[in-house]
Protein chains: 2
Amino acid sequence: MTLDVSIPRTELQNYLSLALYFVTQSRRVILKHQETGFGINFKADRSFLTEADVEAETVLRNAIAKSFPDHGIIGEELPSINLKSDFQWYIDPIDGTRNFANGIPTFGTILGLHYKETPLVGIIDHPALGLCYHAALGLGTFCNNKKIAMFDPLITELGEHEIIILSTRGMFERSGEAHLFDAFVTKHPATYIYYDCFGTTRTAHGQAGAMVEFNVKMWDISATKLLVEEAGGKYIQVREHKKEGEPSMYSIIFGKASVVNLLLPYFSPTS
Amino acid sequence: MTLDVSIPRTELQNYLSLALYFVTQSRRVILKHQETGFGINFKADRSFLTEADVEAETVLRNAIAKSFPDHGIIGEELPSINLKSDFQWYIDPIDGTRNFANGIPTFGTILGLHYKETPLVGIIDHPALGLCYHAALGLGTFCNNKKIAMFDPLITELGEHEIIILSTRGMFERSGEAHLFDAFVTKHPATYIYYDCFGTTRTAHGQAGAMVEFNVKMWDISATKLLVEEAGGKYIQVREHKKEGEPSMYSIIFGKASVVNLLLPYFSPTS
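One structure accompanies this document, and this report is about it.

Some thoughts on the packing of helix α1 (residues 9–36) of chain B against helix α2 (residues 51–67) of chain B
Residue and element names in this part refer to chain B.
- Look at α1 against α2: their axes get within 9 Å of each other, and the N-to-C directions meet at 155 degrees. When the interaxial angle is binned, α1 and α2 end up roughly antiparallel. The hand of the α1/α2 crossing is right-handed. In contact with Leu18, Phe22, Val23, Gln25, Ser26, Val29, Ile30, Lys32 and His33 of α1, α2 contributes Glu51, Ala52, Glu55, Ala56, Val59, Leu60, Ala63, Ile64 and Ser67.
- Residues of the contact of α1 with α2, tallied by class, amount to eleven nonpolar, four polar and three charged.

Some points on the packing of aromatic side chains
- A full pass over the atoms with the stated rule returns 38 aromatic pairs over all chains.
- The interplanar angle of 20 degrees and the centroid separation of 4.2 Å between the aromatic rings of Phe184 of chain A and Tyr266 of chain A together place this pair among those described as stacked. Pair noted here: Phe184 of chain A is in helix α5 (residues 178–187) and Tyr266 of chain A is in the segment after α9 (257–263), with a separation of 82 residues, a long-range link.
- For Phe184 of chain A, a relative accessible area of 0% corresponds to the buried category.
- Taken together, the ring pairs in this structure connect Tyr192, Tyr194, Tyr195 and Phe198 of chain A together with Tyr192, Tyr194, Tyr195 and Phe198 of chain B into an aromatic cluster.

Observations concerning the relation of the copies chain A and chain B
- With an axial shift of 0.0 Å and an RMSD of 0.0 Å, the rotation relating chain A to chain B amounts to 180 degrees. Here the copies are linked by what is in effect a two-fold axis. Closest approach to the rotation axis within chain A is made by the C-alpha atom of Ile193 of chain A, at a distance of 2.3 Å.
- Most of the interface of chain A is mirrored in chain B: 100% of its interface residues are interface residues there too.

Quick word on the sheet that holds strand β4 (residues 87–95) of chain A
All names here are of chain A.
- If you trace the seven strands from one edge of the open sheet to the other, you get β3-β4-β5-β6-β7-β8-β9, paired in mixed fashion. Because the sheet does not close on itself, it has two edges, and the strands there are β3 (72–75) and β9 (146–148). Averaged over neighbouring strand pairs, the angle between their axes works out to 20 degrees when direction is ignored.
- Direction of pairing for β4 relative to strand β5 (residues 108–115): antiparallel, over a ladder of seven bridges. Bridge assignment links Tyr90 to a residue of β5, and that residue is Gly112.

Parameters and conventions
- Residues numbered from 1 in each chain as written.
- Chains lettered and ligands numbered in written order.
- Predicted model: local features only at pLDDT ≥ 70, side-chain atom pairs only at ≥ 80, totals over all residues.
- Heavy atoms only, no water.
- Axes fitted to C-alpha atoms, helices over the stretch in contact; angles between N-to-C directions.
- Helix = DSSP H or I, 4+ residues; strand = E, 2+ residues; numbered from the N terminus.
- Parallel < 35°, antiparallel > 145°, perpendicular 65-115°, else oblique.
- Left-handed = near helix turned anticlockwise from the far one by under 90°.
- Contact = heavy atoms within 4.5 Å.
- Nonpolar A, V, L, I, M, F, W, Y, C, P; charged D, E, K, R; others polar.
- Phe/Tyr/Trp six-rings, centres within 6.5 Å; stacked < 30°, edge-to-face > 60°.
- Buried < 20%, exposed > 50% of the residue type's maximum accessible area, 1.4 Å probe, protein only.
- Least-squares fit on C-alpha atoms with pLDDT ≥ 70 in both.
- Pairing = 2+ DSSP bridges.

Written out as structure tokens, the structure is:
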């Protein structure tokens, strides 16, 4: 992939190195809470919120603000700052808080740095699994610092063995498109549902053919495009729902190009 | 749980210790294949089969036969022996071979010892995750040798946060009951699908409310009842499909008792 923004490579590598350092700090906070226990609350939208989410986001924010005081920060749990900056950091301290709260180890921390809406750096860290995925624009995708690339089977029809990962049906319902979920699971009987960024990293790693996520926020997917494209995959935004005074909701599909292409017709406006 | 079979406790502990030792050998074989790569074939039913499945089952069979030459062995990949013995070992060397073959680390080895159809010892080992779950009749359930027990929320209705794990829709289709899958995902929009024994161990560990598995063979579930009941959970077989000359197919539900009880009406003959 060519660098389509005017960021020198050394500067990009510096952002990446620091972002990876920031994530070692959130990992430490999360593992500490996992060991010692934590309080659980519910947010206005009735989703889970734990002490670990807030503390992990706080250490990431403090670290970013210390290194880059002029950069913007948009996190899931705390108010945004410097929204007019060309550089915006997106933070989801614990993606899959319901899983974290229940002890299911597949949750992860998502950190993305965007420059004028172009992703420069993307990280998904799975503290409980000891797996950290990172990518930077033009620099490739890595799992625990080992370069990874997708093998595309170049299929022309979807066989029963092609693994497809979906959001839960509830996520499709948010935009009244549960019929798309139903069509997927009926047509592709071996569809999986993980409900956290474990699906994203499985797909970026080429372990699944494609993943479809419906009605998520930018902090849920700020690292996805880079992790997938830098590994040789395809990423398409199929929906954007804007609502006055709220962050947009995005629906995306990504994975091996041949699999993504075969699934795209589901999302045509007439389907 | 009381010991309802006449096996002395010391003998039971001996079976358990040896079974745990057997599984260290299959884990070594599987991790070796994962590191060096392996050939992939497809079985008559079009499911995956790798060199690792056959070699892992072979080392388990050899180890069992050496310690217990008179015991029966029923494995997924190789012919049964000593079928008339009161003691039967069930082996699924890699449950979730499709996941193993694709690099998804949630697959596992399932080993169960039954005495006159009563489970005595049950093990699910996740080599790639470094997690081994075991249970023995009356001796409790353990994760990496640490005792675990379920916390039952004693709910009287299913909230949106109760995690329910299902087989894929394809598994329900095998007995023409895909409508049950559809009813589940529609009524419980946050249902998860893992497609291997990671769901079983999540549920035995109390990380999910309940799991429903449809149309699986005994080697898929030979450890499940013990792992769940010894952790304080509830296990119910809701279907058994017998077919001349083939192993029976079972459908089961298990998990926290209050959650299982709320889901049971789905399986009434009239639903």
